[in-house]
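The primary structure of each chain is shown beneath.
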Amino acid sequence: QPQLVESGGGLVQPGGSLRLSCAASGFTFGLNHYAIGWFRQAPGKERELVEIITSGGSINYADSVKGQITIYRDNAKNTVYLQMNSLKHEDTAAYYCNANAVLFGLNRDYWGQGTQVTVSS
């Protein structure tokens, strides 16, 4: 059974940095076939896309994180990272990674359990 496990969240001061990791296991067809996205959900708000990297390496991101947050993947380690710099209070949220692909005619969509990021002084 495919699994995604996020880690790296925590409490950080404004202006600080964090690197989140999304470790994948059990992906029979290989994580490299999947688009991997990082989403976040703040209290009382809907879940929103932060950044996504396709199987081909293309990247799309929310305008609000341009120049601040970077996604990259290491297929050999089955891990996707989210490097977050210059963190602000409004970056406080639970961060989730998602793997999505259409393989053999089936939509395959998986979520991790999330990791909390709190930006506070």
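In this structure the tally under the stated criterion is 1 disulfide. One disulfide bridge connects Cys22 with Cys97, the sulfur atoms lying 2.1 Å from each other. On the sign convention where negative means left-handed, the S-S torsion of about 60° between Cys22 and Cys97 marks this disulfide as right-handed. A residue pair is termed long-range when its members are at least 10 positions apart, and Cys22 in strand 3 (residues 18-25) and Cys97 in strand 9 (residues 93-103) qualify at 75 residues.

This paragraph deals with the sheet that holds strand 8 (residues 79-84). Strand order across the open sheet formed by 4 strands is 1-3-8-7, with antiparallel pairing between neighbours. Each end of this open sheet is capped by a strand with a single partner; those strands are strand 1 (3-7) and strand 7 (69-74). Neighbour-to-neighbour, the strand axes of this sheet turn through a mean angle of 15°, independent of strand direction. Relative to strand 3, strand 1 is paired through 5 bridges, and the arrangement is antiparallel. Paired with Leu4 across the two strands is Ala24, which belongs to strand 3.

Trans is the common state for peptide bonds, and a negative phi is the common state for residues other than glycine. Even without a glycine there, the phi angle at Asn78 is positive, about 50°. Inspection of the secondary structure puts Asn78 in the loop between strand 7 and strand 8. Of note, the phi angle at Ser86 is positive, near 50°, even though the residue is not glycine. Here Ser86 lies in the loop between strand 8 and strand 9.

Moving on: the environment of Pro43. If you trace the backbone, Pro43 turns up in the loop between strand 4 (35-41) and strand 5 (48-53). For the pair Pro43 and Ala93, spaced 50 residues apart in sequence, the C-alpha to C-alpha distance is 7.1 Å.

Applying the stated rule across the entire model yields 2 salt bridges. In this structure, Glu48 and Arg40 form a salt bridge, with 2.8 Å as the shortest nitrogen-oxygen distance. Of the residues examined, Arg40 reaches a relative accessible area of 7% and is grouped as buried. Taken together, the salt bridges that share partners define one network made up of Arg40, Glu48 and Asp91.

We now examine the packing of aromatic side chains. Taken as a whole and judged by the stated rule, the model has 5 aromatic pairs. Judged by centre distance (6.3 Å) and plane angle (55°), the ring pair of Tyr34 and Tyr110 falls under tilted. Linking Tyr34 in the loop between strand 3 and strand 4 with Tyr110 in strand 10 (residues 106-111), this pair joins segments that are 76 residues apart in sequence. For Tyr34, a relative accessible area of 2% corresponds to the buried category. Site record: aromatic cluster; members linked through ring pairs are Phe27, Tyr34 and Tyr110. When the ring centre of Tyr96 is taken as reference, the NZ or CZ atom of Arg47 above it lies at 3.8 Å. We note Arg47 situated over the ring of Trp111; from NZ or CZ to the ring centre the distance is 4.7 Å.

Calculation notes
Residues numbered from 1 in each chain as written. Predicted model: local features only at pLDDT ≥ 70, side-chain atom pairs only at ≥ 80, totals over all residues. Heavy atoms only, no water. Disulfide = S-S within 2.5 Å. Helix = DSSP H or I, 4+ residues; strand = E, 2+ residues; numbered from the N terminus. Pairing = 2+ DSSP bridges. Axes fitted to C-alpha atoms, helices over the stretch in contact; angles between N-to-C directions. Salt bridge = Lys/Arg side-chain N within 4 Å of Asp/Glu carboxyl O. Buried < 20%, exposed > 50% of the residue type's maximum accessible area, 1.4 Å probe, protein only. Phe/Tyr/Trp six-rings, centres within 6.5 Å; stacked < 30°, edge-to-face > 60°. Lys NZ or Arg CZ within 6 Å of the ring centre and 35° of its normal.

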